[in-house]
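# Close look at the chain arrangement
These are the residues of each chain, in order.
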Amino acid sequence: MRPVRVRFAPSPTGALHIGGVRTALYNYLLAKKTNGTMILRIEDTDQTRFVPGAEEYIIQALEWVGIKTDEGVLQGGPHAPYRQSERKSIYKQYAQKLVDDGNAYYAFDSEEELEAMRNRLKATGSVHQQYSATTRMMMDNSLTLPESEVEQKLKSGVPYVIRLKVPDSEEIELHDLIRGEVKVHSSQVDDKVLMKSDGMPTYHLANVVDDYLMQVTHVIRGEEWLPSAPLHVLLYRYLGWEKQMPRFAHLPLLLKPDGNGKLSKRDADQAGFPIFPLNWTDPKTGELAKGFRESGYLPDALLNFLAFLGWNPGTEQELFSLHELIEAFTVERIGKAGARFDIHKAQWFNQQYIKAKPDEELAEYLLASLPAGTCSPERAAKICGVLKERVTFTHDFWLQGKFFFEAPASYDEQVISKKWNDDAIKVLTAFSTALAAIPDLTAAVAKTTLEKVTAELGIGTGKILQALRVSVTGAGSGPDLMLSMEILGSSEVVSRINRALSTIKKV
Ligand code: GLU
């Protein structure tokens, strides 16, 4: 058995879609599980689709989620360069071999001629309007032109492409680790361009050549590449590399939240959830798409969520650390059926991860929302500790914890109208007086002091709790009130209660 080598091979055509992160994750899990190697290769041979900043974005996104590659554009390696545009000269010889062996041919057709061919076929009612075994002999190529004319054209610099000569009538078979045997009739495969007129290879040629040269053992990629796989099988065969052909695993599609059709950026935009890992500003339109990071997701929660979009461990367990995912992962447990993208499930994972994180780590998120130096890390950690059961997103620490930094500017009117009565005023007045004598307030002392005051006044503590909360925080609900008062400190609580007593009108 060859050592496992997988690759994540994105094209820098824009932001990395969340489905791409899942592809990277599955590759990573297999590599780590098998002590294998993960390669990051940038497939940038299509110059027309190149988007500046996209490669950097992909690298940053992988770094944020914690997927570390072993070899590739970042660290180099034995098969460098790992950016296909820098490997141009490598592909040429293989294209030439295919032509020399009669498995590929030069084609000189202009755009207009190709268009005319498609229109002709359309007019005759043909379902396929492709350059293929049925049409190639009517076109302008090295199979139809006399050898001398071909040579003449090549010499004089007439633009040409190299096309694969797909066999006439053959059942092309491949084994997919997820889908089992896949058979495609060669009549469904067109004579794909392998080398373009700009001298760049197409994705198909570059992908196969690189997977072979980089000794890739498993190709794990999205389902959208399944139709290309038969073509790749032909290339492995014609290049004499059948024995080294990687094993294929085409991942299931990510479906819209309602399960109907492929998830698109539009669906995500409409439903108001992110589809990219990090913020992305489209360099052409300037449009900003919010990322999972900026929307308050934790990277490990996102990975756990993504792992389950197509894979399952076969048990009830849902929460897996990255280490546990590596242990549990097998390609065989990836399903064929499309995986519904349920953002509520992503939120649930995020809540679980926030709850489980140490307060000191969560403090970073709160501190990031505050002007530098306004809150000590210890205090921030304490605030996060009382809030973490209640938050879904990292920015919720600030949204729900604002009252720790700002005295209420207004009070929840519903609570006031129901609970701000004589009893409440009596208790709060006495409580504030009692607190003024206790400079070092703890949650336990706050509780016993309040209970003492209410007992003395003969008023049930439960009856006035909401009034106390509204006077201290402004809101009708929130985190543990006694702990919140401990964090605020005695004098701040006293001043807030007194302010509420003097400003809120009795009902
Ligand atoms: N460059 C292709 C992409 O952008 C990679 C497909 C593959 O993994 O073979 O998705």
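Residues numbered from 1 in each chain as written. Predicted model: local features only at pLDDT ≥ 70, side-chain atom pairs only at ≥ 80, totals over all residues. Heavy atoms only, no water.

## Comments concerning helix 4 (residues 111-123)
The end-to-end C-alpha distance of helix 4, which contains 13 residues, comes to 18 Å, matching closely the 18 Å that a straight helix rising 1.5 Å per residue would cover. Considered for burial, the residues of helix 4 that qualify are Leu 114, Met 117 and Leu 121. The buried residues of helix 4 occupy one face: seen down the axis, they fall within an arc of 60°. The outward face of helix 4, more than 90 degrees from its buried face, is lined by the exposed residues Glu 111, Glu 112, Lys 122 and Ala 123. The elements touched by buried residues of helix 4 are strand 5 (161-164). Trailing helix 4 by a residue or two, Gly 125 shows a phi angle of about 80°, which is positive. (Helix = DSSP H or I, 4+ residues; strand = E, 2+ residues; numbered from the N terminus. Expected span 1.5 Å × (residues − 1). Buried < 20%, exposed > 50% of the residue type's maximum accessible area, 1.4 Å probe, protein only. Arc of directions from axis to C-beta. Contact = heavy atoms within 4.5 Å.)

## Let's talk about the sheet that holds strand 4 (residues 104-107)
One open sheet holds the three strands; their spatial order is 4-5-8, and the pairing between them is antiparallel. Because the sheet does not close on itself, it has two edges, and the strands there are strand 4 and strand 8 (193-195). Across the sheet, the mean angle separating the axes of adjacent strands is 45° when strand polarity is ignored. (Pairing = 2+ DSSP bridges. Axes fitted to C-alpha atoms, helices over the stretch in contact; angles between N-to-C directions.)

## Describing the site of the ligand
The environment of the ligand is made up of Arg 7, Ala 9, Pro 10, Ser 11, Glu 43, Tyr 203, Asn 207, Arg 221 and Trp 225. Interatomic distance of 2.8 Å between a side-chain N/O atom of Arg 7 and an oxygen atom of the ligand. Expressed as a share of its isolated accessible area of 300 Å², the protein-covered part of the ligand is 84%. Taken together, the residues of the shell around the ligand break down into four nonpolar, two polar and three charged. (Near = heavy atom within 4 Å. Polar contact = N/O pair within 3.5 Å; in protein donor to acceptor, adjacent residues only side chain to side chain. Areas by Shrake-Rupley, 256 points an atom, 1.4 Å probe, with all protein chains shown as cover. Nonpolar A, V, L, I, M, F, W, Y, C, P; charged D, E, K, R; others polar.)

## Details of the environment of Gly 385
Relative to the helices and strands, Gly 385 is located in helix 13 (residues 377-387). Residues Gly 385 and Ile 425, spaced 40 residues apart in sequence, show a C-alpha to C-alpha distance of 30 Å.

## Here's the deal with the packing of helix 12 (residues 359-368) against helix 13
One can describe the packing of helix 12 onto helix 13 by two numbers: an axis separation of 8 Å at closest approach and a directional angle of 100°. By the angle between their axes, helix 12 is roughly perpendicular relative to helix 13. For the pair formed by helix 12 and helix 13, the contact residues are Asp 359, Glu 360, Leu 362, Ala 363, Leu 366 and Leu 367 on the first element and Pro 377, Ala 380, Ala 381, Ile 383, Cys 384 and Gly 385 on the second. Taken together, the residues of the contact of helix 12 with helix 13 break down into nine nonpolar, one polar and two charged. (Parallel < 35°, antiparallel > 145°, perpendicular 65-115°, else oblique.)

## Observations concerning the nonpolar core
Judged by nonpolar contacts, the single largest core of 151 residues is most densely connected at Ile 18, Tyr 26, Ile 67, Val 331, Phe 341, Leu 468 and Met 485. Here this core takes nine residues from helix 1 (residues 18-33), the largest share from any one element. When neighbours within four sequence positions are excluded, Ile 67 is seen to be in contact with Val 21, Ala 24, Leu 25, Tyr 28, Met 38, Leu 62 and Leu 303. Counting residues in each nonpolar core, the second largest holds eight residues, with Tyr 105, Ala 107, Met 139 and Val 161 among its members. (Core = buried A, V, L, I, M, F, W, Y, C linked by side-chain atoms within 4.5 Å.)

## Details of the side chain of Arg 496
Topologically, Arg 496 is positioned in helix 20 (residues 490-503). A distance of 2.7 Å separates a polar atom in the side chain of Arg 496 from a polar atom in the side chain of Glu 492. With residues near it in sequence (within four places) discarded, Arg 496 still touches Phe 403, Phe 404, Glu 406, Ala 407, Pro 408, Ser 471, Val 472 and Leu 488.

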